[in-house]
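The residues making up each chain are set out below.
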Amino acid sequence: MKYILCIIIVFIVVNINLISSGINIQDVEIEQSYYFRLINGDIITAKVIEKNIDSMQISLKLNTVIGTAIVFENEIVEIRKIFEKYRHSHRIYLLPTALPISNNHFVGNFELGFFYAGAGIGDYFSVCAGQSILPFVYPNQEINSFNVKFSYPVMSIRDLPADIWFGGGANLAFINSGNKFMHYYANATYQGNVSSVSAIFFFKNGNKDIYPIRFKNELYELTYPNGSFGVALGLDTKFSSRNDLHFIGELWNSDVNNPSNTLILLGVRLANTKFSADFGLAFVTEPLAFPFVSFVWTPF
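The structure displayed is predicted, hence computed values, not measured ones.

A.B. asks: Please explain a nonpolar patch on the surface as it appears in this structure.
C.D. replies: A contiguous nonpolar surface patch, about 470 Å² in accessible area, is contributed by Leu 233, Leu 251, Ile 264, Leu 266, Leu 281 and Phe 283. Of all the elements in the fold, those that place two or more residues in the nonpolar patch are β18 (262-271) and β19 (275-284). By the secondary structure assignment, Phe 283 is in strand β19. Given the relative accessible area of 33%, Phe 283 is considered partly exposed.

A.B. asks: Could you clarify how one ought to interpret the pairing of strand β20 (residues 288-297) in this entry?
C.D. replies: Side-chain positions along a regular strand alternate between the two faces of the sheet. Relative to β20, strand β6 (residues 106-110) runs antiparallel, the two sharing four bridges. If you follow Phe 110 over to β20, its bridge partner there is Ser 294. With antiparallel pairing between neighbouring strands as the criterion, β19 and β20 make up a hairpin whose turn holds three residues.

A.B. asks: Teacher, can you tell me more about the side chain of Thr 189 here?
C.D. replies: Inspection of the secondary structure assignment puts Thr 189 in strand β12 (residues 180-192). Here Thr 189 falls in the buried class, since its relative accessible area comes to 1%. Here Ala 98 takes part through its backbone nitrogen, which lies 2.9 Å from a polar atom of the side chain of Thr 189. Beyond its immediate stretch of four places on either side in the chain, Thr 189 contacts Thr 97, Ala 98, Leu 99, Asp 163, Ile 164, Trp 165, Ser 196, Val 197 and Ser 198.

A.B. asks: Help me understand the pairing of β18 in this model?
C.D. replies: Across nine bridges, the pairing between strand β17 (residues 245-253) and β18 is antiparallel. Directly across from His 246, in β18, lies its bridge partner Arg 269. When β18 meets β19, the two strands line up antiparallel, connected through nine bridges. From the neighbouring strand, Leu 266 faces β19, where its bridge partner is Leu 281. Counted between consecutive antiparallel strands, the loop separating β18 from β19 contains three residues.

A.B. asks: Could you clarify how one ought to interpret the nonpolar core in this entry?
C.D. replies: Across soluble globular proteins, nonpolar side chains show a tendency to be buried alongside one another. By size, the foremost hydrophobic cluster in this structure holds 24 residues, and its most contacted members are Tyr 93, Leu 95, Tyr 116, Ile 200, Trp 252, Leu 265 and Phe 292. At the level of elements, β6, β7 (114-121), β12, β13 (195-205), β14 (210-215), β17, β18 and β20 are the ones that each hand at least two residues to this core. If you look at the next biggest cluster of nonpolar residues, it comprises 15 residues, including Tyr 34, Ile 58, Leu 60 and Leu 62.

A.B. asks: Help me understand the sheet that holds strand β4 (residues 67-72), please; the structure alone is not making it clear to me.
C.D. replies: Backbone-to-backbone hydrogen bonds pair the strands of a sheet. The strands run either parallel or antiparallel. Taking strand neighbours across the sheet as the criterion, the five strands line up as β4-β3-β2-β1-β5 in an open arrangement whose pairing is antiparallel. The sheet is open, and its two edges are formed by β4 and β5 (76-81), each paired on a single side. In this sheet, neighbouring strand axes are inclined to one another by 45° on average, regardless of whether the strands run parallel or antiparallel. Bridging between strand β1 (residues 33-38) and strand β2 (residues 43-53) involves five bridges; their strand directions are antiparallel. If you follow Tyr 34 over to β2, its bridge partner there is Ala 46.

Rules used in this analysis
- Here the residue index of a chain counts from 1 through its sequence in written order.
- The predicted origin of the model limits local features to residues at a pLDDT of at least 70 and limits the giving and counting of side-chain atom pairs to 80 or more, whereas totals for whole chains, interfaces and linings rest on all residues.
- Based on all heavy atoms of the structure, the side-chain values leave hydrogens and waters out of the count.
- Patches here: salt-bridge-free residues with over 30% relative accessible area, like charges joined within 9 Å, nonpolar side chains (Val, Leu, Ile, Met, Phe, Trp, Tyr) joined within 5 Å.
- Exposure was quantified through the Shrake-Rupley algorithm and a 1.4 Å probe, taking into account, for residues, occlusion by the shown protein chains and nothing else.
- A pair is scored as a salt bridge if a Lys or Arg side-chain nitrogen falls within 4 Å of a carboxyl oxygen belonging to Asp or Glu.
- We count a stretch as a helix when DSSP gives it H or I for four or more residues in a row; a strand needs E for two or more, and each element gets its number in order from the N terminus.
- Exposure is judged per residue with a 1.4 Å probe applied to protein chains only, and the accessible area is read against the type maximum: over 50% gives exposed, under 20% gives buried, and values in between give partly exposed.
- DSSP bridges decide pairing: two strands pair if at least two such bridges lie between them.
- We call two N or O atoms a polar contact when they sit within 3.5 Å, provided that within protein one can donate a hydrogen and the other can accept it, with sequence-adjacent residues counted only if both atoms are side-chain atoms.
- By the convention used here, residues are in contact when the closest approach between their heavy atoms is within 4.5 Å.
- Take the buried Ala, Val, Leu, Ile, Met, Phe, Trp, Tyr and Cys residues and link them wherever side-chain atoms come within 4.5 Å; each set so joined is a nonpolar core.
- Throughout, an axis means a line fitted to C-alpha atoms (over the contacting stretch in the case of helices), and angles, computed between N-to-C directions, take values from 0 to 180 degrees.

The structure is reproduced here in structure tokens:
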């Protein structure tokens, strides 16, 4: 599985010059709204009302909520369309939404010990792969994951500023080299201007009910019946006072016949167009709570 992860990372790096990191200032259109990140760190969301080109550089006259402003080409680090300013809508934390990765290729890290990467293939297919690098465990005891997803074209809702996406895919994972987990899933996402709500339904396909999981010299038994049907719900909503701060929440049940197999994650995401960091707490029905963190880099 680590070779698949390497292939995805190579795919991202090789295509770095082909991937747009935003809109060129020459392509900005009058009377259109954009997201601007300036060299001093300021963020402006505004409509372009005038574009001036002279022998030295281009300047834009912007209509903002506090009045008009003029910015010059050398003051702008990044320009994106409004709907492109949040580059993490294809995932919540663990939950893949129905939206595609598209050109928001990324590399990331879960819980400090699990490295992964994701890439979009056009606007419909998404591929992710991950490999743990856990200290003090043998190579055949690592955790691996590979996920492929297809996203259906968006459906707009009349009279509502929202869209619905549908998707489906498969996930192959290994906990230790001998324990294979295969899941098929279907998902849907309601995406509004501020919040998105996702639901996923998944089916475990395998031939084992009990899995011996070994880390170093410790042996654990994981019970996960073959043919289990699970569900998950996810919420991602932006705080009204901050453009870069989101609340994220997930509820998972791996087997609807066993309500005790439930996991709840509640946290916050600090994100811009290049980087995101997630922090929160996960709760299981033991009861037990533990922290979760995630860091994702989207530099392309």
